[in-house]
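The primary structure of each chain is shown beneath.
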Amino acid sequence: MYADTVDTVEKRTQFDKVELNIEFKRDPLHDPFVDSGVPNFEAQSQNSRDTRSQLTHYTTEIFSRQHRLFTFTLFICHEQARFIRWDRAGAIVSAAFNFHQDPRPLVEFLWRFSHSTPSERGHDPNVRAATHEEANIAREKLKEWAPKKETPIVVFTVPGKDGENREFVAWKSMKSPYSTIGRCTRAYPAYEIATSQYCFLKDGWRAHELDPEATILQELAEKKVENVPIFVCGGDVETEATMTDLYVPAPDSTQSDTNPYPPRRESKWKKAGTKKRITRRIHHRFIVNTIGKPLNTFRDSKQLLQVVYDAFK
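This one's a predicted model, so the numbers in the text were calculated from it and none came from an experiment.

K.L.:
Could you give an account of unusual backbone geometry, with specific residues and numbers?
P.N.:
For Cys184, which is not glycine, the phi dihedral falls at a positive 50°. On the secondary structure map, Cys184 appears in the loop between strand 8 (165-170) and strand 9 (186-192). For Cys184, a relative accessible area of 8% corresponds to the buried category. Residue Lys224 is not a glycine yet carries a positive backbone phi of 60°. Counting through the fold element by element, Lys224 comes out in the loop between helix 4 (213-222) and strand 11 (231-241). For Lys224, a relative accessible area of 71% gives the class exposed.

K.L.:
Describe in detail the pattern of salt bridges, supporting the description with residues and values.
P.N.:
Using the criterion set out here, one finds 18 salt bridges in the structure. The partner of Glu61 in a salt bridge is Arg65, with the nearest N and O atoms 2.7 Å apart. With Glu61 and Arg65 both in helix 1 (residues 46-65) and 4 residues apart, this pair spans about one turn of that helix. Under the relative-accessibility criterion, Glu61 is labelled buried at 10%. Judged by relative accessible area, which is 48%, Arg65 ranks as partly exposed. Here Arg85 and Asp87 are joined by a salt bridge, their closest N and O atoms 2.9 Å apart. Neither Arg85 nor Asp87 differs from the other in exposure class; each is buried. It is possible to trace a salt-bridge network through shared partners that takes in Asp31, Asp35 and Arg82.

K.L.:
Before we move on, could you go through the nonpolar core and cite the residues and values that matter?
P.N.:
Within the largest apolar cluster, 15 residues are counted, with the highest numbers of intra-cluster contacts made by Phe72, Phe83, Phe97, Phe99, Leu106 and Phe109. Among the secondary structure elements, those contributing two or more residues to this core are strand 2 (71-77), strand 3 (80-87) and helix 2 (104-114). Residue contacts for Phe99: discarding those within four places in its chain leaves Ile76, His78, Glu79, Gln80, Ala81 and Leu106. If you look at the next biggest cluster of nonpolar residues, it comprises 12 residues, including Phe156, Ala170, Ala190 and Ile287.

K.L.:
How would you summarise the sheet that holds strand 7 (residues 154-159) if you had to cite specific residues and measurements?
P.N.:
In spatial order, the strands read 6-7-8-9-10-12-11; together these 7 strands make up an open sheet with antiparallel pairing. Of all strands in the sheet, those bounded by a partner on one side alone are strand 6 (127-129) and strand 11. Direction aside, the axes of adjacent strands within the sheet are offset by 35° on average. Strand direction decides the pairing type here: strand 9 and strand 10 (residues 197-207), joined by 7 bridges, are antiparallel. Across the sheet, Arg186 pairs through a bridge with Asp203, a residue of strand 10. The sheet contacts of helix 3 (residues 132-141) involve strand 6, strand 7, strand 8, strand 9 and strand 10, and relative to strand 8 the element is tilted by about 60°.

K.L.:
Tell me what's going on with the pairing of strand 12 (residues 281-288), and back it up with residues and numbers.
P.N.:
Taken across its 8 residues, strand 12 has 8 buried, putting it largely inside the fold. Burial of the side chains of strand 12 extends over both faces: Arg281, His283, Arg285 and Ile287 are buried on one face and Ile282, His284, Phe286 and Val288 on the other. Judged from the 6 bridges that link them, strand 11 and strand 12 form a sheet pairing that is antiparallel. The partner of Phe231 across the bridge, within strand 12, is Val288.

Criteria and thresholds
- Residues numbered from 1 in each chain as written.
- Predicted model: local features only at pLDDT ≥ 70, side-chain atom pairs only at ≥ 80, totals over all residues.
- Heavy atoms only, no water.
- Helix = DSSP H or I, 4+ residues; strand = E, 2+ residues; numbered from the N terminus.
- Buried < 20%, exposed > 50% of the residue type's maximum accessible area, 1.4 Å probe, protein only.
- Salt bridge = Lys/Arg side-chain N within 4 Å of Asp/Glu carboxyl O.
- Core = buried A, V, L, I, M, F, W, Y, C linked by side-chain atoms within 4.5 Å.
- Contact = heavy atoms within 4.5 Å.
- Pairing = 2+ DSSP bridges.
- Axes fitted to C-alpha atoms, helices over the stretch in contact; angles between N-to-C directions.

Rendered as structure tokens:
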């Protein structure tokens, strides 16, 4: 499903513009999930495995081409339908329902989705398309890192040290993730128009139990550690965290003052047959003053050894 403004005549599939992924299967044997009667709700037939792989692949394409916190899939198999919510921790899968017998859940979902805001659909509210003027500045200032094919120019909002938000324009990512879950790091040469400063923007999803990288950089600077990029601003993006982990009850041993975890949903949601806790992830975005180069661009062996030496120093 696309916005009304997207032209799909010449190119029907455009993952960079998808709003809602809807997948149809005629044969009920292609349902990737089983609601009852088995300890693991992931169906194990080859058809079911192929469907799960297909759904995951489509979601990965959407996440890799868009700036998203989460996305939805509407899966229709024969007379049954399911809703799936994906984020960087995994996927929440609803029970199947017969939309021929009771179409209300399907109709209500589509009505709510069509009336929702971009952020309610999962788009990152702290990333926007650059204006025409901002795009022209980016093409001039960031031409050294220009992409080989047409890539949207975007503006990131990053929290400043004084509490005021700062905006940085970026064009091509030096590193882009091709994964549905995990840290999914993006790294951009960026430019702040307001200060005319070049910088490096790192965007990813840190594990909840690990210290924020922005905090570590500031501590290293305070201790005057050498060969560390200077922290400019940023940190955890307020309110942007995964939800999939909340639907898997955490073991009692993890609920402590020294290692607190958010409250979990009741255990009836846990159908995956796994006792492992799903890692909660927090959206983390920060700016440093140094734009690095790929390690394979070293001039000679001396420079390579110097870089490695500096890293271990």
